[in-house]
Amino acid sequence: MNNQQSTELLFELSKPGRRCHRLPACDVPETRPVSDLLPANHLAATSPSLPEVAEIDLIRHFNNLSTRNMCIDTNFYPLGSCTMKYNPKRHERWATSPGFANLHPLQEDDTCQGMLELLYEMQQYLCEISGLHAVSLQPAAGAQGELTALFVAAAYFRDIGQNQRKRVLIPDSAHGTNPASAALAGFEAIKIKSDTQGLVDLEDLKKHLDDRLAVFMITNPNTLGLFERQIQTITDLIHAYGGLVYLDGANMNAILGITRPGDFGADMQHYNVHKTFTGPHGGGGPGSGPITVRQHLAPYLPTPIVVREGDRYRLDYNRPKSIGRVRSFFGNVGILFRGYCYIRTLGPDGLKAVSENAVLNANYLLARLKHAYEIPHGDRCMHEFVASARLLRREKKISAMEICKRLLDFGYHAPTVYFPLVVPEALMIEPTETESKETLDAFADTLLKIREEPAEFLQKAPHTLSISRPDEVKAAKEPILRWKPAVG
Ligand SMILES: *Cc1c(COP(=O)(O)O)cnc(C)c1O
């Protein structure tokens, strides 16, 4: 979808009478002074000592800080796997409307029926889009969704007397969170090889099928941007051996409305609402990773779940087989809210168009770059593709890192580098559907130009930024978080 088309679409969708026009209202308690609400012994006796700063200095401080952030609103951000798509501003407007923003998580169900209705409908949509039957909105990230689903699987196996199922099989192209979640949930993570095409190696998979099998975690399309064409055979095999299939749904942006994990055999999946359904993210949060599961796993989902009784909604805590809570309250409601707005705005046809255009944009970039950059796994992709700087490194001493550092000079966020691990010198590029042809062309032109630049020049990039090549481990372990006013 180009900019013109997406503007028209949004304009069309925002007309009154479209399905998105009605958002449920909430009863907001009146605001009262804090001293009315808190017992006197919990109130501070004196005001805190805060630095005295003029308003203008404060404004400058925050404005300057904000311009140092690389973000999707300022720059193209082709960070593979992370789906950095445009976050529509209307969602922010809706999310900050007082009826929603002023709710307190401990309010009685009767006083927040609007929000409960919204969360209930979100549960329904997520089930429908995944082709599965029950959902928990609680997990606050994709990784936490994985962990929650594996707890659910463990509870299920315990319940049916198959506690010996302790193995989780994971393709070697998977995101690192998959084996980490398996280990945290008390399973043994076992790596399954990819074949030469970058898909699950069926022969290797078959070697690990026995009654110790608990879960097969698969990302589809996988992190190479390829659809696992043998998915039906794979899920049939796993089920034949009594295992469950978990779908890492981080790449749902490629298949919305086109195919559903439940239809190709997944028993559980997570969504990354912040990726697929436009929650603003970056810098590690905020996220929302709800999971959907098949009917037989529903009793084990975390509590509470929003249920509907007649025209009322309430939180159901009475779920005796539940694994319990995995996060405070109901999950990251702010992000769920934005995802809900996105789904309601676009509707089924709009969501399908999102995926079709995400795939189109990625293939366009791939086609423009494949003569200059090695693309090890074919010349077609889903919503993203992985290029390799292996030959460039060998022949010209230009690594993937050098290319990314140089991209910063042109105002681009770097693609994901050195992931997935199965591709040496990987550059994982995901343009998303919200970018115009002009942006994609400018990015491709830049990458083609960089490829021709001398190695010595690239090895010193970036040339235009105040910080060029920090010691990344040190920067992460010893961050400088104190504000120091500019000197001189
Ligand atoms: C992002 C991602 C995850 C983890 O999701 P978070 O929300 O970052 O915890 C898992 N798998 C894949 C393939 C991802 O891209």
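Above: the structure in question.
Residues numbered from 1 in each chain as written. Predicted model: local features only at pLDDT ≥ 70, side-chain atom pairs only at ≥ 80, totals over all residues. Heavy atoms only, no water.

**Student:** I tried to follow the packing of aromatic side chains on my own but got confused; where do I start?
**Tutor:** The way to describe two aromatic rings as a pair is by their centre distance and the angle between their planes. Evaluated as defined, the whole model comprises 12 aromatic pairs. Note on Tyr120 and Tyr313: the rings are 5.3 Å apart at their centroids and 55° apart in plane angle, and the pair reads as tilted. One end of the pair, Tyr120, is in helix 6 (residues 113-130); the other, Tyr313, is in strand 9 (residues 312-316), and 193 residues separate them in sequence. Here Tyr120 matches Tyr313 in class, with each residue buried. Here the aromatic cluster, defined as three or more aromatic residues joined through ring pairs, consists of Phe76, Tyr412 and Phe443. (Phe/Tyr/Trp six-rings, centres within 6.5 Å; stacked < 30°, edge-to-face > 60°. Helix = DSSP H or I, 4+ residues; strand = E, 2+ residues; numbered from the N terminus. Buried < 20%, exposed > 50% of the residue type's maximum accessible area, 1.4 Å probe, protein only.)

**Student:** It is not clear to me how the sheet that holds strand 12 (residues 426-429) should be interpreted in this structure. Could you clarify?
**Tutor:** Neighbouring strands of a sheet are bound in pairs by backbone hydrogen bonds; such pairs are parallel or else antiparallel. Taken in spatial order, the three strands line up as 10-12-11 in an open sheet, and their pairing is antiparallel. Taken across any chain shown, the strands that pair with only one partner, and hence form the sheet edges, are strand 10 (385-388) and strand 11 (416-417). Judged from the four bridges that link them, strand 10 and strand 12 form a sheet pairing that is antiparallel. From the neighbouring strand, Phe385 faces strand 12, where its bridge partner is Ile429. The sheet strands contacting helix 14 (residues 400-409) are strand 11 and strand 12, and the helix crosses strand 12 at an angle near 45°. (Pairing = 2+ DSSP bridges. Contact = heavy atoms within 4.5 Å. Axes fitted to C-alpha atoms, helices over the stretch in contact; angles between N-to-C directions.)

**Student:** Hey, could you run me through the site of the ligand in this one?
**Tutor:** In the vicinity of the ligand, the contacting residues are Ser81, Ala141, Gly142, Ala143, Glu146, His175, Thr177, Asp248, Ala250, Asn272, His274 and Lys275. Note that an oxygen atom of the ligand is positioned 2.5 Å from one of the side-chain N or O atoms of Ser81. One of the side-chain nitrogen or oxygen atoms of His274 is found 2.8 Å away from an oxygen atom of the ligand. In isolation the ligand exposes 380 Å². Once the protein is present, 87% of that is buried. At the level of elements, helix 7 (142-159) and helix 11 (273-276) are the ones that each hand at least two residues to the shell around the ligand. The leading source of residues in the shell around the ligand is helix 7, at three residues. Of the residues contributing to the shell around the ligand, the split by class is three nonpolar, six polar and three charged. (Near = heavy atom within 4 Å. Polar contact = N/O pair within 3.5 Å; in protein donor to acceptor, adjacent residues only side chain to side chain. Areas by Shrake-Rupley, 256 points an atom, 1.4 Å probe, with all protein chains shown as cover. Nonpolar A, V, L, I, M, F, W, Y, C, P; charged D, E, K, R; others polar.)

**Student:** Any chance you could explain the nonpolar core here in plain terms?
**Tutor:** Nonpolar side chains in soluble globular proteins tend to be buried together. Leu119, Leu205, Phe216 and Phe277 are the most contacted members of the largest nonpolar core, which has 57 residues in total. Elements that contribute at least two residues to this core include exactly helix 6, strand 3 (188-192), helix 9 (202-206), strand 4 (213-219), helix 10 (231-240), strand 5 (244-249), strand 9 and helix 12 (333-369). The dominant element in this core, judged by the number of residues it contributes, is helix 12, at 12 residues. Residue contacts for Leu119: discarding those within four places in its chain leaves Leu137, Val306, Phe330, Val333 and Leu336. (Core = buried A, V, L, I, M, F, W, Y, C linked by side-chain atoms within 4.5 Å.)

**Student:** Please clarify how the packing of helix 14 against helix 15 (residues 437-452) should be interpreted in this entry.
**Tutor:** Each pair of packed helices gets described by two things: the angle between the helix axes and the distance between those axes. Two elements in contact, helix 14 and helix 15, have axes separated by 10 Å at closest approach and are oriented at 125°. By the angle between their axes, helix 14 is oblique relative to helix 15. Between helix 14 and helix 15 the crossing geometry is right-handed. Counting all contacts with helix 14, which are made through Ile403, Arg406 and Leu407, the residues of helix 15 involved are Phe443, Thr446, Leu447 and Ile450. Of the residues assigned to the contact of helix 14 with helix 15, the class counts are five nonpolar, one polar and one charged. (Parallel < 35°, antiparallel > 145°, perpendicular 65-115°, else oblique. Left-handed = near helix turned anticlockwise from the far one by under 90°.)

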